[in-house]
Amino acid sequence: MSTKPKNQPDAAQFSHVTEWVFDLDNTLYPHEVNLFSQIDKNMTAYVAELLQLQPDEARKLQKQYYHEHGTTLQGLMIHYGIDPNAFLERAHAIDYSALLPNPELGEAIKALPGRKFILTNGSVPHAQAAAGALGILDHFEDIFDIVAADYLPKPASATYEKFAALAKLDTTKAAMFEDLPRNLTAPKALGMKTVLLVPRNLEGIVMERWEIPDVSDEHIDFITDDLTGFLKALRG
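Because the structure is a prediction, the values reported are computed rather than measured.

Trainee: Give a description of the packing of helix H3 (residues 72-80) against helix H4 (residues 84-91) that names residues and reports values.
Mentor: At a minimum axis distance of 11 Å, the contact between H3 and H4 shows a crossing angle of 150°. With respect to H4, the axis of H3 lies roughly antiparallel. Of the two possible hands of crossing, H3 and H4 adopt the one that is right-handed. Across from Thr72, Leu73, Leu76 and Met77 in H3, the residues of H4 making contact are Pro84, Phe87 and Leu88. In terms of residue class, the contact of H3 with H4 is made up of 6 nonpolar, 1 polar and no charged.

Put into structure tokens, the structure is as follows:
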């Protein structure tokens, strides 16, 4: 039997789902909004100042830590013992005006049966600002962020397990929406339905190889470039 991810939503496969878990960046808003580019620049500047590096050297180290540890923050905490709160405040000092209210997405989320959560490697203030700008914040029961995860980022299994325990989540009745393939491995192992969000248009978007799904990824159930359309299809 083929395990190739499906591109069309199948409402029957989500009929049991009463727990809806969403990543934030590049998931609740499209990748092409490119909001994360601001965060990326802030992190590069932080690393450059911290270690007295040239911008290109700082960016290379930043991406190395992101790849090896799940977040740049985790790498800096391990290797340099930095204050995570100062880093998060600096990283998320961005302009959210690129995010416009999305009432159609809000209605699609509101219509889902059961509880909705945001699970992010960012901070609660960042999630509140972004979801607030989209006009969808009130539809979520809670936000589980990198601080609640004790700074251990996705894709670590322990982070999902802690989130599930705190939220009293039945993972066999849950669905996880993410933009990074590796961040869906643990949710799938916990019994969740998994949906990968991909950019609608790759023009001008630079992605690492490990950020791009492979047809053999058995931990990805569905792939979509339209979150709103996908959610609406699940409700008929």
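Trainee: Break down the sheet that holds strand S1 (residues 19-22) for me, citing the residues and quoting the values.
Mentor: Strand pairs in the sheet, formed through backbone hydrogen bonds, run parallel or antiparallel to each other. Read across the open sheet, the 6 strands follow the order S3-S2-S1-S4-S5-S6; overall the sheet is parallel. Looking at which strands have only one partner, the edges of the open sheet turn out to be strand S3 (142-144) and strand S6 (222-224). Across the sheet, the axes of successive neighbouring strands diverge by a mean angle of 20°, strand direction being ignored. Here strand S4 (residues 174-178) pairs with strand S5 (residues 193-197) via 4 bridges, running parallel. Bridge pairing in S5 places Glu178 opposite Leu196. Each of S1, strand S2 (115-119) and S3 is contacted by helix H7 (residues 157-167), which is oriented at about 145° to S2, the strand it contacts most.

Trainee: Describe the nonpolar core, naming the residues involved and giving the relevant values.
Mentor: Phe14, Trp20, Phe22, Leu28, Phe87, Phe177 and Leu231 are the most contacted members of the largest nonpolar core, which totals 49 residues. Ala164, Leu169, Ala186 and Ile220 belong to the second largest nonpolar core, which has 18 residues in total.

Trainee: Describe the pattern of salt bridges, listing the residues and the values that go with them.
Mentor: Two side chains that carry opposite charge are able to pair once their charged atoms sit near each other. Here the structure, examined in full by the defined rule, presents 11 salt bridges. Ionic pairing is found between Asp226 and Arg200, a salt bridge with its closest N-O pair at 3.3 Å. One end of the pair, Asp226, is in the loop between S6 and helix H9 (227-234); the other, Arg200, is in the loop between S5 and S6, with 26 residues separating them in the sequence. Classification of Asp226 by relative accessible area gives partly exposed; the value is 28%. The class for Arg200 is exposed, based on a relative accessible area of 52%. A network of salt bridges, in which partner residues are shared, links Glu19, Arg115 and Glu141.

Conventions and cut-offs
Residues numbered from 1 in each chain as written. Predicted model: local features only at pLDDT ≥ 70, side-chain atom pairs only at ≥ 80, totals over all residues. Heavy atoms only, no water. Axes fitted to C-alpha atoms, helices over the stretch in contact; angles between N-to-C directions. Helix = DSSP H or I, 4+ residues; strand = E, 2+ residues; numbered from the N terminus. Parallel < 35°, antiparallel > 145°, perpendicular 65-115°, else oblique. Left-handed = near helix turned anticlockwise from the far one by under 90°. Contact = heavy atoms within 4.5 Å. Nonpolar A, V, L, I, M, F, W, Y, C, P; charged D, E, K, R; others polar. Pairing = 2+ DSSP bridges. Core = buried A, V, L, I, M, F, W, Y, C linked by side-chain atoms within 4.5 Å. Buried < 20%, exposed > 50% of the residue type's maximum accessible area, 1.4 Å probe, protein only. Salt bridge = Lys/Arg side-chain N within 4 Å of Asp/Glu carboxyl O.

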